Amino acid sequence: MSTLLKLASRNIWRNKRRTLITAASILFGVFFASVMRCFQVGAWDNMINSVVKYYFGYAQIHKKGYWEEISLDKSMEHSADFSQIVKAYPEIIDLVPRLESFALASAEKATKGVMVIGIDPEPEHNLTSLKDKIIEGAYLEPDDNAVLVAEGLASFLNFSLGDTIVLISSGYHGANAAGKYPIKGITKFGSPDLNKRLIHLPLKQAQYFFAADNLLSSMVVNIKDKDELQSVMGHLKKELDPEKYEIMDYEELLPDLMEAKALDVAGGKIFMTILYTIIGFGIFGTILMLLRERRYEFGVLTAIGMKRHQISIMVWLELLFVGILGCILGMLLATPVVLYLESNPIEFTGDFAATYEKWGINPVLPAKFDLSIFGRQAWIILLMITLMAIYPFYEIFRLKPIKAMRS
Amino acid sequence: MSDIVIQASELHKTYDETAVPVHALRGVNLQIKQGEFTAIVGPSGSGKSTLLNIIGGLDRPSSGNIQVGGTDISTLNDNQLIDFRKDNIGFVFQSYNLIPVLTAKENVEFVMMLQGSSTEERDRRTKELMDAVGLGDRMHNRPSELSGGQQQRVAVARALAPKPTFILADEPTANLDSTSTANLLDIMARLNKEENITFVFSTHDQRVIDRARRVVVLEDGLIASDTAS
């Protein structure tokens, strides 16, 4: 094998120009594929992080069947198990409790359907940065008997800070729910829909309002690192009784977003396939030239006792070396570009930025530096080379030394 | 033990890929013994290259039998033939055919590497052979850094390295000037005489024919004369 390695490593420099052109085409492919994929992953991470941090969290725990039929009657007990879980698994920052339902909000002459969310103010802020969305007034304290009203809703009902809002609803198991609360703060959300209908209450007040003492609609899981999500999901599924609870990650909570991502990724794959096909033709051209130029030499090598499989391995190694050279150069070139664009993402401006912000998404296009993306491009190239090496193998195996040496 | 190295019996070779079949060999019988220094001569188209290719296991006869060192090589499959050539036949080609990316030393030891010889054995044998062909000081030069004559001497050393049963040389002096030809012939004649190595040449070169101790003349696919001096 060392003989073949020596021969292959020296042979690639016999035709320097051809080797460099082939390596350059691989470099080009690896560079563009890596940068493009890093942008795609970065953009989706940004979007998912924004959506997750906006409201949903990376995962949620509900009473079994809640997501299928969202209703107060499907609320779960605020069990001591939850605080045990947070203590047991350091990857989990917190479990953020919520009690959510719908109500009618009334002012003097207007009424509007709203979404009421009972929250534990501190953990909620840690997850969704709710405090930062206050544009007027102050954030809630756990024992407050007051509400935060979204700006669009306040405007529709003609409310201002300090006014009292009246809420009417149907509570747990059909109990009457009615209450009046002073407005402690006005919040502003990017999403116009949320901006027109969100009211936040301290959790205790919400439980009292809905007659749902110690009940929760959901526990939102706040984790330290997104990459730990699968392990956290594993812990939660192990710890919580599947007959009582459903545990859903953001992919299950946001199926539309995941579908859009899958569509985008599929588009990216089509582009990559085209790119790699072009590179593949370049490599195959090199293979054809190599076979043509070295037919005589292969005949001589066979004549003096080199087996066909040894010649084939030598040729494969030569192609592999050129491929590795192109991959390494492509990765070396792409690394600083991706690292720069990760820390200095492309910033959107104008209407495009406004649209992003409206949906609570950071209006930037960041690249994500992920070595596995680079590695995958290298594997694709090396696999392509190995598959294409089948052709020279075939030619070498049917080579007749006499005919080859006459060529 | 028999000292017959090559035994060809009733060798026929017909190329029928063309519209008109070409009968390159028409029943050649030839016996070459250990230590012979034989030139196979004849005009173009006489069948000498075909005979050499069959003796060298590079081509198969249409009929007849060819035994090298007691092995009927016409019955070997492709892979077995490659192994047989590697271990039993040393080739010297008209255009040297050294591996351009290897040094002279690496070229000489190449077939030994394929045979799996140890580094020590390869080093010892390579040095011995490079000294024998007068190129002990050019071990680390690549073929492109050597003259045609020097390259052909390296090719002879390469052919001898795996200790083959015999050396088959196809027009070995065709590309050499007269000084290089004389040098090469001196080396081969010395190796033949001192180490009893069997050489079989195909040649047009009168200088080679003059030095051969046996001359086999082929005409129209048949041996026209076979003279030993």
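1. As for the nonpolar core
If you look at the biggest cluster of nonpolar residues, it comprises 73 residues, and the most contacted ones within it are Phe298(A) and Phe110(B). Per-element tally for this core: the top contributor is helix α10 (residues 255-293) of chain A, with eight residues. With 62 residues, the next largest nonpolar core counts Ile92(A), Ile199(A), Leu201(A) and Leu215(A) among its residues.

2. Concerning the pairing of strand β6 (residues 147-150) of chain A
Residue and element names in this part refer to chain A. Burial along β6 is two-sided: Val147 and Val149 and Leu148 and Ala150, pointing in opposite directions, are all buried. Note: β6 against strand β8 (residues 176-187), four bridges, orientation parallel. When the bridges of β8 are listed, Val149 appears paired with Ile186. In the sheet, β6 pairs with strand β9 (residues 198-202) via two bridges, with the strands oriented antiparallel. Following the sheet pairing, Leu148 is matched in β9 by His200.

3. Concerning the interface of chain A and chain B
Each partner contributes residues to the interface: chain A has 23 residues there, and chain B has 27 residues. Between chain A and chain B the total buried area reaches about 2200 Å² when both faces are included, carbon and sulfur atoms providing 62% of it. Looking only at chain A, the three residues that lose the most surface to chain B are Arg10(A), Ile304(A) and Lys307(A), adding up to 27% of its buried area. Two residues, Arg10(A) and Glu106(B), come together in a salt bridge whose shortest N-O distance is 2.5 Å. Run the count over chain A and chain B and you get eight residue pairs in polar contact (both at pLDDT 80 or more). Among the secondary structure elements, those contributing two or more residues to the side of chain A that touches chain B are α1 (2-11), α11 (295-303), α12 (308-343) and α16 (401-406) of chain A. Class assignment for the residues of the side of chain A that touches chain B results in 10 nonpolar, five polar and eight charged.

4. Quick word on the packing of α10(A) against helix α15 (residues 390-397) of chain A
Geometry of a packed helix pair, given as the angle between the helix axes and the separation of the axes. All names here are of chain A. Across the interface, α10 lies against α15 with an axial gap of 10 Å and an inter-helix angle of 15°. The orientation of α10 with respect to α15, classified from their angle, is roughly parallel. The crossing of α10 and α15 is right-handed. Taking contact as the criterion, the partners of Phe284, Ile287, Leu288 and Leu291 in α10 are, on α15, Tyr391, Pro392 and Glu395. Split into classes, the residues belonging to the contact of α10 with α15 amount to six nonpolar, no polar and one charged.

5. A closer look at the sheet that holds strand β10 (residues 222-228) of chain B
All names here are of chain B. Ordered in space as β6-β7-β8-β3-β9-β10, the six strands form an open sheet in which the pairing is mixed. Of all strands in the sheet, those bounded by a partner on one side alone are β6 (89-92) and β10. Across the sheet, the axes of successive neighbouring strands diverge by a mean angle of 20°, strand direction being ignored. As defined by bridge partners, β6 adjoins strand β7 (residues 166-170) across four bridges and the pair is classed as parallel. Residue Ile89 lies in a different strand from β7, and its bridge partner there is Phe166.

6. Considering the packing of aromatic side chains
Residue and element names in this part refer to chain A. Overall, the coordinates contain 15 aromatic pairs over all chains when judged by the stated rule. Summarising the aromatic geometry, the rings of Phe31 and Phe32 are spaced 5.2 Å apart at their centres and angled 90° between planes, so their arrangement reads as edge-to-face. Residue Phe31 is classed as buried on the basis of its relative accessible area, which comes to 15%. Their ring planes at 55° and their centres at 5.5 Å tell us that Phe369 and Phe374 sit as a pair that is tilted.

7. Side note on the domain arrangement of chain A
Where interface size is given, it is often the accessible area lost as the parts come together that is meant. All names here are of chain A. You can read the domains of chain A as domain 1 (2-52 + 257-406) and domain 2 (65-241). The gap between the C-alpha centroids of domain 1 and domain 2 is 50 Å. The three residues of domain 1 that bury the most area against domain 2 are Asp45, Lys358 and Trp359, which together make up 58% of that side's buried surface. The tally of links from domain 1 across to domain 2 stands at one salt bridge.

8. Looking at the pattern of salt bridges
Scanning all chains against the criterion turns up 30 salt bridges over all chains. The closest approach of N and O atoms between Arg18(A) and Glu293(A), which form a salt bridge, is 2.9 Å. Remark: Glu293(A) occurs in helix α10 and Arg18(A) occurs in helix α2 (residues 16-56); sequence separation between them is 275 residues. You can call Glu293(A) partly exposed: its relative accessible area is 47%. The partner of Asp123(B) in a salt bridge is Lys105(B), with the nearest N and O atoms 3.1 Å apart. Separated by 18 residues along the polypeptide, Asp123(B) in helix α4 (residues 119-132) and Lys105(B) in helix α3 (residues 104-115) bring together distant segments of the chain.

9. So, the packing of α2(A) against α12(A)
Residues and elements named next belong to chain A. In contact at an axis separation of 7 Å, α2 and α12 are set at 35° when each is read in the N-to-C sense. The way α2 lies across α12 gives a crossing that is right-handed. In terms of residue class, the contact of α2 with α12 is made up of 18 nonpolar, six polar and no charged.

10. Section: the environment of Lys64(A)
Residue and element names in this part refer to chain A. Relative to the helices and strands, Lys64 is located in the loop between β1 (59-63) and β2 (76-77). Given the relative accessible area of 43%, Lys64 is considered partly exposed. Here the alpha-carbon distance between Lys64 and Ile247, two residues 183 residues apart in the chain, equals 8.5 Å. Residues in contact with Lys64, not counting those within four places in the same chain, are Pro242, Glu243, Lys244, Tyr245 and Glu246.

11. Thoughts on the confidence of the model for chain B
Confidence along chain B averages 90 in pLDDT terms, with 99% of residues attaining 70 or more. Looking across chain B, the model is least confident in helix α6 (residues 178-195) of chain B, with a mean pLDDT of 86, and most confident in strand β9 (residues 214-219) of chain B, with 94.

12. Section: the side chain of Asp59(B)
Along the chain, Asp59(B) falls in the loop between α1 (48-55) and β4 (63-68). A distance of 3.4 Å separates a polar atom in the side chain of Asp59(B) from a polar atom in the side chain of Lys13(B). With residues near it in sequence (within four places) discarded, Asp59(B) still touches Ile402(A), Lys13(B), Tyr15(B), Asn53(B) and Ile54(B).

13. Considering the sheet that holds strand β2 (residues 22-33) of chain B
All names here are of chain B. If you walk across this open sheet you meet the four strands as β2-β1-β4-β5, and the pairing is antiparallel. In this open sheet, the two strands that pair with only one neighbour each are β2 and β5 (71-72). As judged from the nine bridges shared by strand β1 (residues 4-15) and β2, these two strands associate in the antiparallel manner. Of the residues in β2, the one forming a bridge with Ala8 is Leu30. Against the sheet, α1 makes contact with β1, β2 and β4, and its axis sits at roughly 55° relative to β2, the strand it touches most.

The rules behind the values
- Residues numbered from 1 in each chain as written.
- Chains lettered and ligands numbered in written order.
- Predicted model: local features only at pLDDT ≥ 70, side-chain atom pairs only at ≥ 80, totals over all residues.
- Heavy atoms only, no water.
- Core = buried A, V, L, I, M, F, W, Y, C linked by side-chain atoms within 4.5 Å.
- Buried < 20%, exposed > 50% of the residue type's maximum accessible area, 1.4 Å probe, protein only.
- Helix = DSSP H or I, 4+ residues; strand = E, 2+ residues; numbered from the N terminus.
- Pairing = 2+ DSSP bridges.
- Contact = heavy atoms within 4.5 Å.
- Buried area = accessible area lost by both parts, 1.4 Å probe.
- Salt bridge = Lys/Arg side-chain N within 4 Å of Asp/Glu carboxyl O.
- Polar contact = N/O pair within 3.5 Å; in protein donor to acceptor, adjacent residues only side chain to side chain.
- Nonpolar A, V, L, I, M, F, W, Y, C, P; charged D, E, K, R; others polar.
- Axes fitted to C-alpha atoms, helices over the stretch in contact; angles between N-to-C directions.
- Parallel < 35°, antiparallel > 145°, perpendicular 65-115°, else oblique.
- Left-handed = near helix turned anticlockwise from the far one by under 90°.
- Phe/Tyr/Trp six-rings, centres within 6.5 Å; stacked < 30°, edge-to-face > 60°.
- Domains from an automatic or database assignment.
- pLDDT = per-residue confidence, 0-100.

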